[in-house]
Amino acid sequence: DGGITQSPKYLFRKEGQNVTLSCEQNLNHDAMYWYRQDPGQGLRLIYYSQIVNDFQKGDIAEGYSVSREKKESFPLTVTSAQKNPTAFYLCASSIASYSNQPQHFGDGTRLSIL
Amino acid sequence: QQPVQSPQAVILREGEDAVINCSSSKALYSVHWYRQKHGEAPVFLMILLKGGEQKGHEKISASFNEKKQQSSLYLTASQLSYSGTYFCGTLYNRDAGGTSYGKLTFGQGTILTVHP
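Residues numbered from 1 in each chain as written. Chains lettered and ligands numbered in written order. Predicted model: local features only at pLDDT ≥ 70, side-chain atom pairs only at ≥ 80, totals over all residues. Heavy atoms only, no water.

Colleague: Can you tell me about the interface of chain A and chain B, naming the residues and giving the values?
Modeller: Each side of the interface is counted separately: chain A has 24 residues, and chain B has 21 residues. Overall, the association of chain A and chain B removes approximately 1700 Å² of surface from exposure, summing both partners, and the carbon and sulfur fraction of that is 57%. Counting the contacts that link chain A with chain B gives 1 salt bridge. A salt bridge links Lys103 of chain B to Asp59 of chain A; the nearest nitrogen and oxygen atoms lie 3.7 Å apart. Scanning the region where chain A abuts chain B turns up 2 residue pairs in polar contact (both at pLDDT 80 or more). Elements represented by at least two residues in the side of chain A that touches chain B include exactly strand S4 (31–37), strand S5 (43–49) and strand S9 (87–94) of chain A. It is S5 of chain A that provides the largest number of residues to the side of chain A that touches chain B, a total of 3 residues. (Contact = heavy atoms within 4.5 Å. Buried area = accessible area lost by both parts, 1.4 Å probe. Salt bridge = Lys/Arg side-chain N within 4 Å of Asp/Glu carboxyl O. Polar contact = N/O pair within 3.5 Å; in protein donor to acceptor, adjacent residues only side chain to side chain. Helix = DSSP H or I, 4+ residues; strand = E, 2+ residues; numbered from the N terminus.)

Right under this line is the structure:
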C-alpha cells in the first residue's frame, strides 16, 4: 500500500542537540511538506518542496532545516536554534503543490525536550 | 494570513446537524477540508474550487461562496465517528500577491464532539 511513513513516533531532544525527523513516501508525489502542530492550534507550515533538490521556507522556518535529495524522502532537522521545539510534527505529500490535489499526511512525530 | 474558522467548538448529540465556517480576507482559489482525530494524522475530506461549487462526502458536504471568500462544511445527521477537529486549508489566487500562492494555509480548527 502507498503512503507516508514518519519516524520515529516519539523523539526526545536534549538541550543544544540537533535531531532529525524522517519522512518517506512511496506515492510518487512531487511535493512534500512539513507542518508543526501545537496543542489547540492549526497546522503551521515549516518547509515545503515542489521537486527534488528544491525547497522553500514556510511560515515558521527559523530553527529548522530540510533536504530533498530523493523524491521519496524529505527529512526535517530541528536545530538547537529552535528554542521551543516541543510539538507534533506532520509530514505530508501531494501530487504537486500548485494543483488542487489533496495532501496525504503521515502519522506524525511527537518531539519533546528532556 | 490564516483563515478564520467558526465556531471554535461544537457539541452535538448523534443525529444532530452542524455547520463549520472558514473565512478568508484574501481572494481564494480553493478550500480544502480535513478531519483529525486526537493524536492521529489529518484525513482529507474534500476540495472546493472557486465558483460556488458544492461537494459531498457521505453525509458531509461543503460549499464555497466566492463573493464572501468563505467556505462552509455541513455535517448532517451526525455520527459518533464524526468527532474530531476539522481544519480548512486555503489556497489563494495568484493575484492575491505575496508568497501564499501554491501552499495551503490552515485555520485554527473546530473541535466537534458527538455524544450518544
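Colleague: Now, about the state of the cysteines: what can you tell me, with residues and values included?
Modeller: Evaluated as defined, the whole model comprises 2 disulfides over all chains. There is a disulfide in this structure between Cys23 of chain A and Cys91 of chain A, and the S-S distance comes to 1.9 Å. Torsion about the S-S bond of the Cys23 of chain A and Cys91 of chain A cystine: about -75°, corresponding to left-handed handedness. On the criterion of sequence distance, the pair formed by Cys23 of chain A in strand S3 (residues 19–25) and Cys91 of chain A in strand S9 is long-range, its members being 68 residues apart. Exposure remark for Cys23 of chain A: the relative accessible area of 0% places this residue in the buried category. Its relative accessible area of 0% is what places Cys91 of chain A among the buried residues. Across the disulfide, Cys22 of chain B is cross-linked to Cys88 of chain B (sulfur-sulfur distance 2.0 Å). On the sign convention where negative means left-handed, the S-S torsion of about 70° between Cys22 of chain B and Cys88 of chain B marks this disulfide as right-handed. Residue Cys22 of chain B is located in strand S3 (residues 18–23), and its partner Cys88 of chain B is located in strand S9 (residues 84–92); the two are separated by 66 residues in the primary sequence. In this structure Cys22 of chain B comes out as buried when scored by relative accessible area, which is 1%. (Disulfide = S-S within 2.5 Å. Buried < 20%, exposed > 50% of the residue type's maximum accessible area, 1.4 Å probe, protein only.)

Colleague: Any details on the pattern of salt bridges? Residues and values, ideally.
Modeller: Residue and element names in this part refer to chain A. Per the stated rule, a full pass over the model turns up 4 salt bridges over all chains. Note that Asp30 is salt-bridged to Lys71, the shortest N-O span being 3.4 Å. Of this pair, Asp30 sits in the loop between S3 and S4 while Lys71 sits in the loop between strand S7 (64–66) and strand S8 (76–78), and the two are 41 residues apart along the sequence. With relative accessibility at 25%, the residue Lys71 sits in the partly exposed group. Within the structure, one salt-bridge network assembled from shared partners comprises Arg36, Asp38 and Arg44.

Colleague: Any details on the sheet that holds S7 of chain A? Residues and values, ideally.
Modeller: Residue and element names in this part refer to chain A. With antiparallel pairing, the 4 strands of this open sheet are ordered in space as S1-S3-S8-S7. Of all the strands in the sheet, the pair left with one neighbour each is strand S1 (4–7) and S7. The average angle at which neighbouring strand axes cross in this sheet is 20°, direction not considered. Bridge count between S1 and S3: 4 bridges; the pairing is antiparallel. Bridging from a neighbouring strand, Ser7 pairs with Ser22 of S3. (Pairing = 2+ DSSP bridges. Axes fitted to C-alpha atoms, helices over the stretch in contact; angles between N-to-C directions.)

Colleague: Quick one: what's the story with the packing of aromatic side chains, residue by residue and with numbers?
Modeller: Two numbers describe a pair of aromatic rings. These are the distance of the centres and the angle of the planes. All chains considered together, the criterion is met by 9 aromatic pairs over all chains. Judged by centre distance (5.9 Å) and plane angle (65°), the ring pair of Tyr64 of chain A and Tyr89 of chain A falls under edge-to-face. Of this pair, Tyr64 of chain A sits in strand S7 while Tyr89 of chain A is found in strand S9, placing the two residues 25 residues apart along the sequence. In this structure Tyr89 of chain A comes out as buried when scored by relative accessible area, which is 0%. Between the aromatic rings of Tyr34 of chain B and Phe44 of chain B, the centroid separation amounts to 5.7 Å while the plane-to-plane angle is 65°, which identifies the pairing as edge-to-face. (Phe/Tyr/Trp six-rings, centres within 6.5 Å; stacked < 30°, edge-to-face > 60°.)

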